[in-house]
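Results of the structural survey
Residues per chain, in single letters:
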Amino acid sequence: MPTFSNPAVATAFRDPTGSFAGTDVRIALPLTRNLLNEVLAARPSGTPITELYIDPEAGNQFRVHLAANAPVVGRVTRRITLVPGPAVTFPAQPWLQFAITDGLKFFDKPLINLVQGQVERRLPKGVDVSSSRIRIHVPALMTHLGYQAFVPLLHKIQITSEANRLQLHLHLLAAPERSEHPRPPLTP
Amino acid sequence: MHPVLKHLLDTEFSDLAGSSIEGQFAITDELVNLGLHDLIAKLTQPSAPSTAPAAPAVPKTSTTELPDPKVLLQHVKIEHVKYRTEAGRTILELKAGL
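Residues numbered from 1 in each chain as written. Chains lettered and ligands numbered in written order. Predicted model: local features only at pLDDT ≥ 70, side-chain atom pairs only at ≥ 80, totals over all residues. Heavy atoms only, no water.

Under the annotation held in an unreviewed UniProt entry, chain A carries the name DUF4403 family protein and is attributed to Neolewinella maritima.

Here it is, written out as structure tokens:
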């Protein structure tokens, strides 16, 4: 976890659930195709993944165009269809998941291994790629980044797809603490 | 500047149109008091002795290329802001969007 010399900030980072008790905020963040592809274009250069584009579609699915130089099979291009999974809730459902419904076949194992290797080498722990899904263990990722204490604040995270953009829905919730001096009942 | 941030600035944050935030932020009295103590400590700190050589001019932060927050803020539409307090905490209700 980052360290802070300011005592207020240090306290907030040590105990965000207590410090922000009573907070209840919903954030909706649309991520347009343009923006997502700017983010993907800013990935490190010189990797075997030569092309990577995303195309959000209506009906809660999006496509990823991927070109890579895979071992043995050489250059491969794939257009993969992904469907966002259910909302992340804590602690019941920690995985931010995307099912791969089309575009990858059994013989794409070298390609999957390649992507998996890139993910393991370049991305923090908690990201998991297979032939049927991509999933991110959100608490593990946040712990890796040093924000473990903030995990209980993430009441709900959900990504949905619509034409030309993904929608990120985030609900931050810190339950109000029980009062040490409960109010007396109003009626005698 | 990070290419993604540059893109956002170049397009005047139009890619984030439709963003919204709604709800209440609460912070405890303890946190407010810690902040106050820190502020008082900073304000009452003895100033540096005048005999010290003039502090070198603070280097311009242009190298960090931090964008002017006004560029983003002028696109923010605030529908509702309400400040209130409850026993033991300070609350800010907010509803805003881009």
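**Some words on the overall build of chain B**
Helices and strands together make up the secondary structure of chain B, namely three helices and three strands. Mapped in sequence order, the helices and strands of chain B form the string α-β-α-α-β-β. Looking at chain B as a whole, 20% of its 98 residues qualify as buried. Sequence-distant contacts in chain B: of pairs separated by 6 or more residues, those separated by 24 or more amount to 58%. (Helix = DSSP H or I, 4+ residues; strand = E, 2+ residues; numbered from the N terminus. Buried < 20%, exposed > 50% of the residue type's maximum accessible area, 1.4 Å probe, protein only. Contact = heavy atoms within 4.5 Å.)

**Some thoughts on the sheet that holds strand 2 (residues 49–57) of chain A**
All names here are of chain A. Pairing is antiparallel in the open sheet, where six strands are placed in the order 2-3-4-6-8-7. Each having just a single partner strand, strand 2 and strand 7 (127–129) make up the two edges of the open sheet. Between one strand axis and the next, the sheet turns by 20 degrees as a mean value, whatever way the strands run. Bridge count between strand 3 (residues 61–70) and strand 4 (residues 74–84): nine bridges; the pairing is antiparallel. Within strand 4, the residue paired with Ala68 across the bridge is Val76. Along the sheet, helix 5 (residues 138–145) makes contact with strand 6 (95–102) and strand 8 (133–137), crossing strand 8 at roughly 50 degrees. (Pairing = 2+ DSSP bridges. Axes fitted to C-alpha atoms, helices over the stretch in contact; angles between N-to-C directions.)

**Overview of helix 5 of chain A**
Residue and element names in this part refer to chain A. For helix 5, the set of buried residues is Val138, Pro139 and Met142. All buried residues of helix 5 lie within an arc of 95 degrees about the axis, which places them on one face of the element. Following helix 5 by one or two positions, Gly146 adopts a phi angle in the positive range, close to 95 degrees. (Arc of directions from axis to C-beta.)

**Things to note about unusual backbone geometry**
Omega for the bond connecting Phe90 of chain A with Pro91 of chain A falls within 30 degrees of zero, at 0 degrees, which places this linkage in the cis form. Counting through the fold element by element, Pro91 of chain A comes out in the loop between strand 5 (88–89) and strand 6. One non-glycine residue with positive phi stands out, namely Asn164 of chain A, at about 70 degrees. Here Asn164 of chain A is to be found in the loop between strand 9 (154–162) and strand 10 (165–173). Looking at Asn164 of chain A, the relative accessible area reads 40%, which means it is partly exposed. Phi at Glu12 of chain B is positive, roughly 50 degrees, even though this residue is not glycine. Along the polypeptide, Glu12 of chain B turns up in the loop between helix 1 (3–10) and strand 1 (20–28). Assessed through its relative accessible area of 44%, Glu12 of chain B is described here as partly exposed.

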